[in-house]
Amino acid sequence: MSNYAPLPVSFVSGHGATLLDEKGVEYLDALGGIAVCLLGHAHPEVQAAIADQAARVIHTSNLYHIPLQEKLADKLIAHSGLEKVVFGNSGAEANEAAIKLARLHAHHRSISAPVIVVMNNSFHGRTMATLSATGSVKAQKGFDPLVPGFVHIPYNDIEALTNLANRHDIVAVMVEPIQGEGGINVPTPGFLKAIRDFCDQQQALMIVDEVQTGMCRTGKWFAFQHEDILPDVMTLAKALANGVPIGACLARGDAAGLFQPGSHGSTFGGNPLAARAGLAVIDVLEREQLEQRAAELGEMMLNGFRQNLSGLEGVADIRGRGMMLGIELEHECAELVNLALDHHLLINVTAGKVVRLLPPLVMTAAEVETVVTRVSELVTKFLQDKS
Ligand code: PLP
């Protein structure tokens, strides 16, 4: 079907932050499959784990215990401070589980028409419920009727949130700790804490969608850890198994006990292959302390871009955290993706005007410098041509 408009290139192999096309031409990957390939391409340990697991057993069923899944859950719990996990296969599916938890939480409190607070410019997925939660009219267009039970407020707007305090149907607030698709929007300090306080007062669940931010990308294991808070529910996917499809919904407290046999499930969710890949990823993240590396390399990139581009006419903002960066221009700039491709560099433009970089954490310092130089040159030239 025509729901994608692929760029005129395809890749057949890779290593680290490099991808090779059919002719053997190398591309520097500053997008990592949209925040998926955290450890780059063909990482030896992930590769070996997948091969070994494939030779044992790929899939059994959640009808039986899956020790690898339980081990992966324990790791995620240890790093996040949450208590229980349910696995699926994607970010949207993880968020579906979170939304279902919020509905169960509501019904336990005898709220029959529950409402979840979500943010403008958010992105939570493409299934009907997650699309309805998503704060993008463009993404929702044509798919009416949407799933009811969501109210949108502006990101970073504490007043808009507290204005909802007298509503008794609010059962959860769902938020990306840094908005990804919405344009790498980093919350102002205190915003996530204000959501935590609001949820405590309202007996509502704080759900953080870490599908794009999770697994060390932003300089912490999870982006909510930049503030002194603990959510009730957290969702993960993308980088969790470096490209093997997996999603996870974690919960603590009452929320962790809501699902009972029969209330949720997924055929593939957390199968031995995906769980083994996830464990291999976590082993590497732990051993190499890649959250620190993400913070350091991200700082390098941010400083590089600020040096090269700050003050340039047409550059609105340069922002990000760790290896999640955005350069907002004053003009629509989707064509920069093609221009970068011509220079053998993979980047993305989101929200129309924001150059988005989500590089693998294993990028070398020299590669980071190359990204900074190439992107800065491309943006400068692009803006010159516009003026
Ligand atoms: N949540 C966030 C924050 C995302 O960035 C995405 C995908 O970009 C999703 C959810 C949906 O994930 P998936 O495409 O795996 O369903």
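The structure under discussion appears in the preceding block.
It should be emphasised that the depicted structure is a prediction, and the values quoted were computed from it without experimental measurement. (Residues numbered from 1 in each chain as written. Predicted model: local features only at pLDDT ≥ 70, side-chain atom pairs only at ≥ 80, totals over all residues. Heavy atoms only, no water.)

Asker: How would you sum up the overall build of the chain? Please name residues and give values.
Answerer: Each helix and strand in the chain was counted, giving twelve helices and 15 strands. A compact globule built from 387 residues would reach a C-alpha radius of gyration of about 21 Å, and the chain, at 21 Å, matches this within 12%. In terms of overall dimensions, the chain has C-alpha extents of about 60 × 55 × 40 Å along its principal axes. Here the chain holds 387 residues, and the buried ones make up 53% of them. Excluding contacts between residues fewer than 6 apart, the proportion of contacts in the chain whose partners are at least 24 apart in sequence is 72%. For the chain, the exposed surface amounts to about 16900 Å²; the carbon and sulfur share of it is 52%. A gap of 3 Å separates the mean positions of the 29 positive and 42 negative side-chain charges of the chain. (Helix = DSSP H or I, 4+ residues; strand = E, 2+ residues; numbered from the N terminus. Rg over C-alpha atoms; globule rule 2.2 N^0.38 Å. Buried < 20%, exposed > 50% of the residue type's maximum accessible area, 1.4 Å probe, protein only. Contact = heavy atoms within 4.5 Å. Areas by Shrake-Rupley, 256 points an atom, 1.4 Å probe, with all protein chains shown as cover. Lys, Arg positive; Asp, Glu negative; His and termini not counted. Charge placed at Lys NZ, Arg CZ, Asp CG, Glu CD.)

Asker: Got a sec to walk through the nonpolar core? Specific residues and values, please.
Answerer: Membership of the largest hydrophobic core comes to 89 residues, with the highest contact counts inside it found for Met215 and Phe305. Among the elements that make up this core, the one with the highest residue count is helix 9 (residues 272-287) (ten residues). Beyond its immediate sequence surroundings of up to four residues, Phe305 is in contact with Ser310, Ile318, Leu325, Ile327, Leu357, Val371, Val372, Val375 and Ser376. By size, the runner-up hydrophobic cluster in this structure holds 24 residues, among which are Ala97, Ala133, Val233 and Cys249. (Core = buried A, V, L, I, M, F, W, Y, C linked by side-chain atoms within 4.5 Å.)

Shape descriptors only; they carry no functional weight alone.
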